[in-house]
Amino acid sequence: MNDNGQEAFIGNIRKALGSGGKRAGPDLYCRQTDGKLPILIDGILSRPHSERLGLLEKMTDAAKPVNINVIPVKTPAEAGDGIIKLACEKNPEWGDAKIVVLWNHPLIRETGVEKSLSGLGLGVVFSDHDAGNNGRERFIKESADAFIGVTSADYCVAETATLVLKAASGRERSVSLLPSIHVAVIKLEQIVADFKELYALLDRDLKENPEALDGCMTFITGPSKTADIEATMVHGAHGPRELYIYVLTGA
Amino acid sequence: MTNLTAEKYREEAIRGINDPVLQKALADLQMRLGRGAEEAYRNLPEGPGLRRKAHEIRMKAVLNLDSLLERLSEKIRSRGGHVFFAKDAHEAVKYCLDTAKRNNVRLAVKGKSMLSEEIGLNDAFAAAGIEVAETDLGEYIIQLAGERPSHIIAPAIHKTRNEIGLLFSEKLGIPFTTDPGTLTKAARKALREKFLSAQMGITGCNIACAETGHITVVSNEGNIRMSSTLPKVHVALMGMERITERLSDHDILFRLLSRGAAAQKMAGYVSYIGGPRPADQADGPDEFHLVIIDNGRAKILADEEFREMLCCIRCGACLNMCPVYGKIGGHAYGYAYSGPVGAVVTPLLKGINRAKDLCLGETLCGACRDACPVDIDLPRMLLLLRSKLADGDLKWDVRRENPAEKIMYGMWSGIVSRRWTYDVMLGLSRKVLKPFAGKDGMISSLPLFMKGWTGSRDMKPLAKESFISQWRKRENKKGNDER
Amino acid sequence: MERKVTLFIQCIIDGIYPEVGFAAVRIFEKLGINVECPSGQTCCGQPAFNSGYRKEARRAAEHFISIFSDAETIVCPSGSCVNMVRNHYPELFRDDAKMLERAKDIGSRTFELTEYLVDVLKVEDLGARYEGRITYHDSCHLIRGIGVIEQPRKLIRKIRGAELIEMKDSDRCCGFGGAFSVKYPEISAAILEDKIGNIITSGAETVTGCDMGCLMNIQGLLSRKRLPVRALHIAQLLGGQWK
C-alpha cells in the first residue's frame, strides 16, 4: 500500500484546516462563466494587422533592456538569410566546430536554413525522433556541441518580449538552452499583448485539449543573466548569451 | 538538518553592522531592488492594489490545500512522475538519498532552493559521498567558500569581487581577476561540465499549479532549466503551501513575484514541469520526483492567526525594504530564511523561544508589509509572536521569556490606570535621573536597562513638570481668574 | 456652537517635552477652538502592546477609553498613539463585545494633529512663521498605520520663511521602535546613523515630524554628535513654541 505518505499527509492538512472528512471543494477549477474570456480571446484572434504591428513595436521596446534582438522580416527566406549570416559571423564558444541545432518545425523548414547551412559545410542537427535511451544522451550532446539553436515558439508576449515554448517531439528544450546563441522564428500573429492575454489563450488551449500542456512549457525573457557578483549585471550565465527573434510580418 | 543559529542574532548583527562591504552591498541592493519593486508595483496596469488580489488567490489555495495537492499529485502520477509526501526533513532527505542511490548518482546539480537548506539536503548528500554542485552563481560562490547564503535571491551579496576573484583563482585555478564578466564565464564553464555529466538535478518549486498538474521553476541564469532538463533524474522539492489553484492565477502571481523579487516585469526563465519527458521527446529527465514537504507547515496551517504566512512565495521583497535586514544582513537570522519572512517563519518552524531575538529584534516599521507582493501582514504576526513570548503559549510550546519583565509591565499597568500613581512614578523617575543630566541639559549615560540607549545617543531628561501638571495649574488659575 | 477638541497628550510629550503639548494647544487657540485636556490621562498602552504584554496594554486602554469616552473629538500630536487606538484597540478587546464597540467608536473619533487640521478643519495656513530650511521625517506608524503623508507637508509649505527640503528615504524607519532602541541598541543606532546622514545631506537646519518618539531618537544622536540641526515637533513650528 505504498501511497508515498499521501493519506497521512493530506489527513494532517485536513485536520489543520478543521475539516473532518474529504472536502468537496465545489468551486475549484471552475471556468469563468461571465463571458469575458471568449470576448478577450476573440479580440486577440481578430486583431487587425495594424494593431499587430503596434504590438511588434511594443515588443521591440521591451526587448532592448533585456538584450534581445528583434528582427522583423517579410518572408521565411529572409529569416533564413539572417540565420546564415549569424552562423558565418559568430564563433563557437566551446570548441571549433560550427554546428547548428534546429527544431523540426514547419516554420524552420520554410526558412530553408537547413539546406543553406549544409551547403556552407556547417553541421546541422534536427531534433531527434528516435528518442530511445541512447537517443536522449546523444541528442543532448549534439545540442551541447551546437553554437546556435534555432526554434520557433508558441506565443510571444509583447509587454516583456517573452517567448513561450511548449516542448514536444521535434521541439526539444535543449535547443533553446544549450547553444550559446538562441534564435527564434515566429509569426507576427503569435504576438500577444500581455500575460493576461497569454493565460487566456493557454486556458483556451487547455479547454480544447486537456493534454495540451502535459509536457514542459518554458517562458524565455532574454538571454541568461546574473547579477550575483557585486550586483553587476552580466549577460550570459548558464543559458544562451544571445537571443535573436525573427518576426515574420508577411509581404 | 541545517542548524539553527538564531541565538547568535545579536552577535551576528553587530558583525554585519561593522562590515563595510556588507553595508554597501545591502544599501545598493535595497535601493535598486526595494525601491525598484515599489515603483514597479506603482506601474502595474491594475495598480498596487493587485497585491490584495494575489493575497486572496494564495489564501484560497491555502484553505483548499488538501484538494489542490491531491490533484497535483494525481496529474503528475498520470504522466509517470513520482510524488512523495514527506512529513519532515528527515523523510524528505531519506527519499532524495534513496532515489540518488538507486540511480547510482555520484553528482547532482542543484538550483537555488531555500527548502533544501531548511532540510539540510547538501550535508546529507555529502555524508553519503554524493557531490552536490550548487549552480546558481551566488550559491556556487558561497559553496566554494564554505559559507551560508545571506539573502534569498542574492546569496553572495556579502562578498566583494576581490574575494570572489581570489576564491576562483584558488578553487578553479584561473588567473586572478576581479572582472564580474570573466568570473561569471569561469563559473559558466565549470558548471556546464557539471550540468552535462550529472546524474541528478535537484530544484525547488516556485508555485505549482493544481489545475494543470505542474510545478514551476523560475530563474534568470538558466541553471534551473539545465538542472531540470539534462540529468536523467529530476527531484523537485516543494513546500506544501507552494501551490495555486488555477493556471490563470499565474498571470498575477508571476508578474508580482518578478517585481517583488528583483524589480523585473518578468523573470528570465519560467518552466512548467509536469512529469518526466514523454517517450517521444529527446530531452528532459527519464524520472521525475516531486517531494512535497510539511516539516512544520501543517502546524502553521492549523493556527488561523499564522495561516497567512503560508501565502509567502519566498521572493525576498521584504528583505529588500527592511531597515533592520539592511543593517544586519542575512547571517544574523541563523537559518535558511532571513529578513522579515525569516523573523516569522523561523520561530514557527523551529521554536519561538529559541528564535526569540528574531521576534523581538525589529522596529515593526511595516515596510515589509508594503513590499510584499501578496500583501502579507508580517508586523501583525511579529506582534503576535511577541505576545506569546510575553505570556507563554501552550499550543506553540512557548514559555514566558522574561518573567521579571512581565511583573514589571503588570506593575506598570496598575500605575497607568490612575493618574496619581502615574504622577508618583514620574516624580520618582525625575529624582532618579536628575544626577545624570549633563551641562548641556542632555543625559549621556543612563543606568541599568536603559544604558543601551545612551551607548550611542543622548537622552533628554524628564521635564521639571509634566504637561498634565502644568495644564492643571493653568486650568485652576483660569478658574480662579474667572471667579 | 463653540468649537472644541479634546487633547490626548502622548506620554513622551507629557513627561519629557511638555512644550510640544503647549504648542499644540496654541495652534487651536489661534484657530479659536477650545481645548480640553482630561488630566486623568496617562498612556495609550502602546509600549506594553509592542512588547507583547497585551493584558497589561488592555488595562491602559481601558483607562484611556474611560477618560476619553465623553470626548467628541480627540486630537493627538502623535501618529503612533493614534495608530494604537485606531488599529490595535479593537484587537485588544476582540472577545468583549461591549468594549470592542467602545474601542471602535473611540477610534473613529481620534485624530492625529496634522490629519485633523488638514482633513477635518481644512486648514493649511496657520499664520506660522519659521525662518530656515526644514526637512521632514515620515514616522512609520503615521504613514503606514494611518496613512498620513501629505498633510504635514501641506502645513509646512505654508509656514512663512520656511523652505521644505525632502531628505533621501524620508519614509525609512529612524530605528526607534520603542523598547527595540534599548534592547537592540546597536541595530537601532545603525539605522539611526543612516537617518542622521540623510538629514545632514538634505542641508536643512531643522528636522521635524509628527512623532516625538522618533524625534527624541533623532535628537539624541544629533546631540551626541554635536550637530547643529534642531529637532522640533511640527506642532512647535505651527504653534510658535520652539524657544
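Residues numbered from 1 in each chain as written. Chains lettered and ligands numbered in written order. Predicted model: local features only at pLDDT ≥ 70, side-chain atom pairs only at ≥ 80, totals over all residues.

Trainee: I'd like to hear about the overall build of chain C, residue by residue, with values.
Mentor: Along the backbone of chain C there are 13 helices and 8 strands. Radius of gyration (C-alpha) of chain C: 17 Å, near the 18 Å computed for a compact globule of 243 residues. The C-alpha extent of chain C, read off along each of the three principal axes, is 50 × 50 × 25 Å. Within the span of chain C, comprising 243 residues, buried residues form 60% of the whole. A fraction of 76% describes how many contacts in chain C between residues 6 or more apart in sequence connect residues 24 or more apart. (Helix = DSSP H or I, 4+ residues; strand = E, 2+ residues; numbered from the N terminus. Rg over C-alpha atoms; globule rule 2.2 N^0.38 Å. Buried ≥ 20, exposed ≤ 12 C-beta atoms within 10 Å, placed from the backbone. Contact = placed C-beta atoms within 7 Å.)

Trainee: Can you lay out the overall build of chain A for me, pointing to particular residues and giving the numbers?
Mentor: Within chain A, the regular secondary structure consists of 8 helices and 12 strands. In terms of principal-axis extent, the alpha carbons of chain A reach across some 70 × 50 × 45 Å. When each of the 251 residues of chain A is scored for burial, the buried share is 45%. Taking the contacts inside chain A whose residues are at least 6 apart along the sequence as the reference set, 76% of them involve residues at least 24 apart.

Trainee: Provide a residue-level description of the pairing of strand β7 (residues 181-187) of chain A, including the pertinent values.
Mentor: Residues and elements named next belong to chain A. Burial analysis of β7 places 6 of its 7 residues in the buried class, which makes it a mostly covered element. As paired elements, β7 and strand β12 (residues 242-248) share 7 bridges and run parallel to each other. Across the sheet, the residue bridging to A184 is I245, located in β12. (Pairing = 2+ DSSP bridges.)

Trainee: Please give an account of the confidence of the model for chain C that cites residues and values.
Mentor: Mean pLDDT over chain C works out to 96, with 99% of the residues at or above the 70 mark. Model confidence for the complex is summarised by a pTM of 0.95, with the ipTM given as 0.96. (pLDDT = per-residue confidence, 0-100.)

Trainee: An account of the interface of chain B and chain A is needed here, citing residue identities and associated values.
Mentor: Often, the extent of an interface is quoted as the loss of accessible area upon association of its parts. Taken together, the contact between chain B and chain A spans 71 residues of the former and 62 residues of the latter. Here the side of chain B that touches chain A takes 7 residues from helix α10 (residues 180-197) of chain B, the largest share from any one element. Taken together, the residues that form the side of chain B that touches chain A break down as 32 nonpolar, 20 polar and 19 charged. (Nonpolar A, V, L, I, M, F, W, Y, C, P; charged D, E, K, R; others polar.)

Trainee: Describe the packing of helix α7 (residues 113-120) of chain C against helix α9 (residues 150-157) of chain C, and please don't skip the residues or the numbers.
Mentor: The description of two helices packed together rests on the angle between their axes and the distance between the axes. Residues and elements named next belong to chain C. Closest axis-to-axis distance for the α7/α9 pair is 8 Å, and the angle between their directions is 75 degrees. Taken together, α7 and α9 sit at an angle that is classed as roughly perpendicular. Contact residues: α7 offers T114, E115, L117, V118 and D119, while α9 offers Q151, P152, K154 and L155. A class-by-class count of the residues in the contact of α7 with α9 yields 4 nonpolar, 2 polar and 3 charged. (Axes fitted to C-alpha atoms, helices over the stretch in contact; angles between N-to-C directions. Parallel < 35°, antiparallel > 145°, perpendicular 65-115°, else oblique.)

Trainee: Mind laying out the interface of chain C and chain B, listing which residues take part and the relevant values?
Mentor: Across the contact, 47 residues belong to chain C and 49 residues belong to chain B. At the level of elements, α1 (11-15), α2 (18-30), α3 (46-50), α4 (54-68), α8 (140-145), α10 (180-183), α11 (185-202) and α12 (212-224) of chain C are the ones that each hand at least two residues to the side of chain C that touches chain B. Tallied by class, the residues present in the side of chain C that touches chain B amount to 22 nonpolar, 16 polar and 9 charged.

Trainee: Any details on the arrangement of the chains? Residues and values, ideally.
Mentor: Ranking the 2 pairs of chains in contact by contact count places chains A and B at the top. Regarding chain A and chain C, which are not in contact, the minimum distance between any of their C-alpha atoms is 21 Å.

Trainee: Talk me through the sheet that holds strand β7 (residues 206-209) of chain C; I want residue IDs and the actual numbers.
Mentor: All names here are of chain C. Read across the open sheet, the 4 strands follow the order β6-β5-β7-β8; overall the sheet is parallel. On the outer flanks of this sheet lie β6 (160-165) and β8 (230-233), each paired with one strand and no other. Averaged over neighbouring strand pairs, the angle between their axes works out to 35 degrees when direction is ignored. Where strand β5 (residues 129-136) and β6 come together, 5 bridges link them in parallel fashion. Bridging from a neighbouring strand, R129 pairs with R160 of β6.

Trainee: How would you explain helix α4 (residues 76-89) of chain A if you had to name every residue and give the values?
Mentor: All names here are of chain A. Between its first and last C-alpha atoms α4 spans 20 Å; for 14 residues at 1.5 Å apiece the expected length is 20 Å, and the two agree. Listing the buried residues of α4 in full gives P76, A79, G80, I83 and A87. Each buried residue of α4 sits inside an arc of 100 degrees when the element is viewed along its axis, so together they form one side. α4 presents K85, C88 and E89 as exposed residues on the side facing more than 90 degrees away from its buried surface. (Expected span 1.5 Å × (residues − 1). Arc of directions from axis to C-beta.)

Trainee: Tell me what's going on with the sheet that holds strand β2 (residues 99-102) of chain A, and back it up with residues and numbers.
Mentor: Residue and element names in this part refer to chain A. The strand order β1-β12-β7-β4-β2-β3 describes an open sheet built from 6 strands, whose pairing is parallel. With one partner strand each, in any of the chains shown, β1 (68-73) and β3 (123-126) form the two edges of the open sheet. Ignoring which end each strand starts from, the neighbouring axes of this sheet average 20 degrees apart. Sheet topology places β1 next to β12; 6 bridges connect them, and they run parallel. Counterpart to N69 in the pairing with β12 is Y244.

Trainee: Tell me about the domain arrangement of chain C, and please be specific about residues and values.
Mentor: Residues and elements named next belong to chain C. Here the domain parsing of chain C yields domain 1 (4-118) and domain 2 (128-239). Centre-to-centre, using C-alpha coordinates, domain 1 lies 22 Å away from domain 2. Counting from both sides, the interface comprises 28 residues of domain 1 and, opposite them, 23 residues of domain 2. Where the side of domain 1 that touches domain 2 is concerned, the elements lending two or more residues are α1, α2, α3, α5 (79-92) and α7. Of the residues in the side of domain 1 that touches domain 2, the class split is 14 nonpolar, 9 polar and 5 charged. (Domains from an automatic or database assignment.)

Trainee: How would you sum up the environment of C322(B)? Please name residues and give values.
Mentor: All names here are of chain B. Along the chain, C322 turns up in the loop between α13 (297-302) and α14 (325-328). A residue is classified by how many C-beta atoms lie within 10 Å of it, and C322, with 27 of them, is buried. Along the chain, C322 and L383 lie 61 residues apart, while their C-alpha atoms are 16 Å from each other. When residues no more than four places from it in sequence are discounted, the contact partners of C322 are G339, P340, A367 and C368.

Trainee: Before we move on, could you go through the environment of A24(C) and cite the residues and values that matter?
Mentor: As for its placement among the helices and strands, A24(C) is situated in helix α2. With near-sequence residues (within four places) excluded, A24(C) lies in contact with L7(C), P77(C), L113(C), A235(C) and G239(C).

Trainee: Break down helix α8 (residues 137-145) of chain B for me, with residues and values.
Mentor: Counting buried positions along α8(B) gives 7 out of 9 residues, so the element sits mostly inside the fold. Those residues of α8(B) not exposed but buried are L137(B), G138(B), E139(B), Y140(B), I141(B), I142(B) and Q143(B).

Trainee: Report on unusual backbone geometry, specifying residues and quantitative values.
Mentor: Keep in mind that most residues, glycine aside, have a negative phi and that most peptide bonds are trans. A positive phi angle is found at N67(A), which is not glycine, with a value near 65 degrees. Structurally, the position occupied by N67(A) is in the loop between α3 (49-63) and β1.

Trainee: I'd like a rundown of the pairing of strand β9 (residues 269-273) of chain B, residues and numbers included.
Mentor: Taken across its 5 residues, β9(B) has 5 buried, putting it largely inside the fold. In β9(B), alternate side chains face the same way, and those of Y269(B), S271(B) and I273(B) on one face and V270(B) and Y272(B) on the other are all buried. Pairing analysis gives 4 bridges linking strand β9 (residues 217-220) of chain A to β9(B), with the strands arranged antiparallel. Looking across to β9(B), one finds that I220(A) is bridged to Y269(B).

Trainee: A description of the packing of α8(B) against helix α9 (residues 161-171) of chain B should follow, citing residues and the corresponding values.
Mentor: Residue and element names in this part refer to chain B. Between α8 and α9, whose axes approach to 10 Å, the crossing angle comes to 65 degrees. Between α8 and α9, the interaxial angle falls into the category roughly perpendicular. Read as a crossing pair, α8 and α9 show a hand that is left-handed. Along its contact with α8, which presents I141, L144 and A145, the element α9 presents I164, L167 and K171. Here the contact of α8 with α9 is composed, by residue class, of 5 nonpolar, no polar and 1 charged. (Left-handed = near helix turned anticlockwise from the far one by under 90°.)

Trainee: I'd love a proper account of the environment of S188(C), names of residues and values included.
Mentor: All names here are of chain C. One can find S188 in helix α11. Given 28 C-beta atoms within 10 Å, S188 falls into the buried group. C-alpha of S188 to C-alpha of N87: the two residues are 101 residues apart in sequence and 25 Å apart in space. Not counting residues up to four positions away in its chain, the partners in contact with S188 are G175, G177, F180 and S181.

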